[in-house]
Amino acid sequence: MSENPAVAAAAPQAEQSVTCAFCDSTDTELISLFGQALLASQYYCRSCHSVFEAVRWTAETLSQ
Ligand SMILES: [Zn+2]
């Protein structure tokens, strides 16, 4: 048993549309699985050409 819980949590369940933090566009693209924080992923917005971080997992993932 050497499975890393972080790896299991990183498996994408479904493609979610992430809203840009700057212009509210959903035309975004995942560029990095992990940002500065472990639970944050970096996205690139094709609409305003900005890079932002979005938290994809909430506390309910950890409570189960
Ligand atoms: Zn944007």
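Anyway, here's the lowdown on the structure attached to this text. (Residues numbered from 1 in each chain as written. Predicted model: local features only at pLDDT ≥ 70, side-chain atom pairs only at ≥ 80, totals over all residues.)

### Digging into the overall build of the protein chain
Helix and strand counts for the protein chain come out as two helices and three strands. By the burial criterion, 9% of the 64 residues in the protein chain qualify as buried. In the protein chain, the proportion of contacts linking residues at least 24 apart, taken out of those at least 6 apart, comes to 24%. (Helix = DSSP H or I, 4+ residues; strand = E, 2+ residues; numbered from the N terminus. Buried ≥ 20, exposed ≤ 12 C-beta atoms within 10 Å, placed from the backbone. Contact = placed C-beta atoms within 7 Å.)

### Structural notes on the pairing of strand E2 (residues 40-45)
Here E2 shows one buried face, formed by Ser41, Tyr43 and Cys45, and one open face, formed by Ala40, Gln42 and Tyr44. Here four bridges tie strand E1 (residues 28-32) to E2, and the two strands are oriented antiparallel to one another. For Ser32, the partnering residue across the bridge sits in E2 and is Gln42. Two elements, E2 and strand E3 (residues 51-55), share five bridges in a ladder whose sense is antiparallel. (Pairing = 2+ DSSP bridges.)

### Some points on the environment of Val18
Within the secondary structure, Val18 is located in the loop between helix H1 (5-10) and E1. When the C-alpha atoms of Val18 and Glu29 are compared, they prove to be 8.2 Å apart, with eleven residues separating the residues in sequence. Not counting chain neighbours up to four residues away, the residues in contact with Val18 comprise Thr28, Tyr43 and Ala54.

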